[in-house]
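Fold and contact review
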Amino acid sequence: MARAFFMGFALVAYAIFFATFLYLIAFVGDLPWVPLTVDRGPEASVGVAVAVDLALIAIFGMQHSVMARQGFKRAWTRIVPQPVERSVYVLTASAVLLLLFVGWRPIAGTVWEVTNPLFAGVLWALFALGWLIVLTSTFLINHFELFGLQQAWFNLRGRAAAAPQFRQPFFYKLVRHPLYSGFFLAFWAAPQMSVGHLLLAVGMSVYMLIAIGYEERDLIGLFGKDYEDYRANVGKLTPRFRRSKA
């Protein structure tokens, strides 16, 4: 019975995550079919808006970074059953994003605006490409494990997970963190960049750069020299091109 409950919990957490992810795309893109976006929401003075928005970004960053660390996981799984530890993380991350959507205070003012239809179309294409890279990257590294479904499924079937293996599929042959590269594109590729959108883009970029450092420390601890060699030869967020030796 507990195994079936864990599987059901993982499915619900995943469904909430996926809906939240889709809303995030609309939120960042200021798309018209959702009520709250980076540029549409409750009004506040500039000082209050900056303080609130920075606090929301900080909460997002702390939740994602702290709960993803191995030390926290070891302590956390004394309370939360191992098969749903990742699903609880996913559900908590979704809740923090929902808090950001509801609490975000837009900040008026245009940083840049691209009016040329061709150039604006290119930026929209890059925006879409960024999200596509994010989603594709999750499947390259095991989408269902990343979001907790595999752990609950293996538990339901009484199957043990295989030991993690160091792999470099597709994008990962070119850059070490294509998922973050996709997020950078998604946050910055905007035909119209408001002050509020700029604050979100800068805040999330700072978080991602910090998160990469912690993540790579964990990966070196897990894969040792294999990852150190990989880091020495492959770019962090963009491909590292080197001249061939004559």
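Residues numbered from 1 in each chain as written. Predicted model: local features only at pLDDT ≥ 70, side-chain atom pairs only at ≥ 80, totals over all residues. Heavy atoms only, no water.

1. Comments concerning the overall build of the protein
Applicable threshold: Only DSSP runs of H or I reaching four residues or more are called helices, and only runs of E reaching two or more are called strands; each is numbered from the N terminus. It is over C-alpha atoms that the radius of gyration is taken, and the globule rule equals 2.2 Å times the number of residues to the power 0.38. Exposure categories follow from relative accessible area, calculated using a 1.4 Å probe and restricted to protein chains: below 20% of the type maximum is buried, above 50% is exposed, and the middle band is partly exposed. For every accessible area listed, the method is Shrake-Rupley and the probe measures 1.4 Å; residues are considered covered only by the protein chains on display. Asp and Glu count as negative and Lys and Arg as positive, but His and the ends of the chain are not part of the count. Lys charges are placed at NZ, Arg charges at CZ, Asp charges at CG and Glu charges at CD.
Broken down by element type, the protein carries 10 helices and two strands. For 246 residues, the compact-globule estimate of 2.2 N^0.38 gives 18 Å, and the protein sits close to it at 20 Å. Dimensions of the protein along its principal axes, counting C-alpha atoms only, are 60 × 55 × 30 Å. Considering the protein as a whole, with its 246 residues, one finds that 43% of them fall into the buried category. Split by element, the accessible area of the protein, about 13500 Å² in all, is 68% carbon and sulfur. With 21 positive and 13 negative side-chain charges, the protein shows a separation of 10 Å between the mean positions of the two kinds.

2. Overview of the packing of helix H2 (residues 46–68) against helix H4 (residues 85–103)
In helix packing, the relevant descriptors are the interaxial angle and the interaxial distance, both defined with respect to the helix axes. The following threshold applies: Angles here are taken between N-to-C directions and fall from 0 to 180 degrees, while the axes themselves are lines fitted to C-alpha atoms, restricted in helices to the stretch in contact. Here the word oblique covers every angle except those under 35 degrees (roughly parallel), over 145 (roughly antiparallel) and from 65 to 115 (roughly perpendicular). It only takes one pair of heavy atoms within 4.5 Å for two residues to be counted as in contact. The residue classification treats Ala, Val, Leu, Ile, Met, Phe, Trp, Tyr, Cys and Pro as nonpolar and Asp, Glu, Lys and Arg as charged. All others, Gly included, are polar.
Running from N to C, H2 and H4 point in directions that differ by 175°, and their axes come no closer than 10 Å. Classified by the angle between their axes, H2 and H4 sit roughly antiparallel to one another. Residues Val52, Asp53, Leu56, Ile59, Phe60, Gln63, His64, Met67 and Ala68 of H2 lie in contact with H4, whose contacting residues are Glu85, Tyr89, Thr92, Ala93, Val96, Leu97, Leu99, Leu100 and Gly103. Partitioned by chemical class, the residues of the contact of H2 with H4 number 12 nonpolar, four polar and two charged.

3. Overview of the nonpolar core
Applicable threshold: The nonpolar core is taken to be a set of buried Ala, Val, Leu, Ile, Met, Phe, Trp, Tyr and Cys residues, with the residues joined through side-chain atoms within 4.5 Å.
In this structure, Phe27, Val28, Trp104, Trp131, Phe183, Phe187 and Leu200 are the most contacted members of the largest nonpolar core, which totals 46 residues. At the level of secondary structure, the elements contributing two or more residues to this core comprise helix H1 (2–29), H2, H4, helix H5 (117–140), helix H7 (149–157), helix H8 (178–188) and helix H9 (195–223). In terms of residue count, H1 provides more of this core than any other element does, nine residues in total. For Val28, the residues in contact, after removing those within four places along its chain, are Val38, Phe127, Trp131, Ala186, Phe187, His197 and Leu200. Ranked by size, the runner-up nonpolar core spans eight residues in total, among them Tyr172, Phe223, Tyr227 and Tyr230.

4. Observations concerning the side chain of Ser94
Along the chain, Ser94 turns up in helix H4. With relative accessibility at 3%, the residue Ser94 sits in the buried group. When sequence neighbours within four positions are dropped, the list of residues in contact with Ser94 reads Ile16, Phe17 and Thr20.

5. Observations concerning the packing of aromatic side chains
What counts is decided by this rule: Stacked, tilted and edge-to-face are the three classes applied to pairs of Phe, Tyr and Trp rings, where Trp contributes its six-membered ring and a pair requires centres within 6.5 Å; stacked means planes under 30 degrees apart, edge-to-face means over 60, and tilted covers the rest.
Using the criterion set out here, one finds 25 aromatic pairs in the structure. Pairing Phe21 with Trp131 gives two aromatic rings, centres 5.7 Å apart and planes at 80°, and the pair type is edge-to-face. Of this pair, Phe21 sits in helix H1 while Trp131 sits in helix H5, placing them 110 residues apart in sequence. Centroid distance Phe27 to Phe101: 5.0 Å. Interplanar angle 40°. Geometry classified as tilted. Note that Phe27 is positioned in helix H1 and Phe101 in helix H4, a separation of 74 residues in sequence. Considered together, Phe27 and Phe101 belong to a single accessibility category, that of buried residues. Through successive ring pairs, a cluster of aromatic residues spans Tyr14, Phe17, Phe18, Phe21, Trp124, Phe127, Trp131, Phe147, Phe183 and Phe187.

6. Examining the pattern of salt bridges
Worth spelling out the cut-off: A pairing counts as a salt bridge when a side-chain nitrogen of Lys or Arg comes within 4 Å of a carboxyl oxygen of Asp or Glu.
For the structure on display, the rule yields four salt bridges. When the shortest N-O distance is used, the salt bridge between Arg40 and Asp30 registers 2.8 Å. Here the residue Arg40 occupies a position in the loop between H1 and H2, and Asp30 occupies one in the loop between H1 and H2, the gap between them amounting to 10 residues. Using a relative accessible area of 28% as the deciding quantity, one classes Arg40 as partly exposed. In this structure, Asp229 and Lys225 form a salt bridge, with 2.8 Å as the shortest nitrogen-oxygen distance. Of this pair, Asp229 and Lys225 both sit in helix H10 (residues 225–233), separated by four residues, roughly a single helical turn. Look at the salt bridges and you will find they share partners, linking Arg176, Glu216 and Arg231 into a network.

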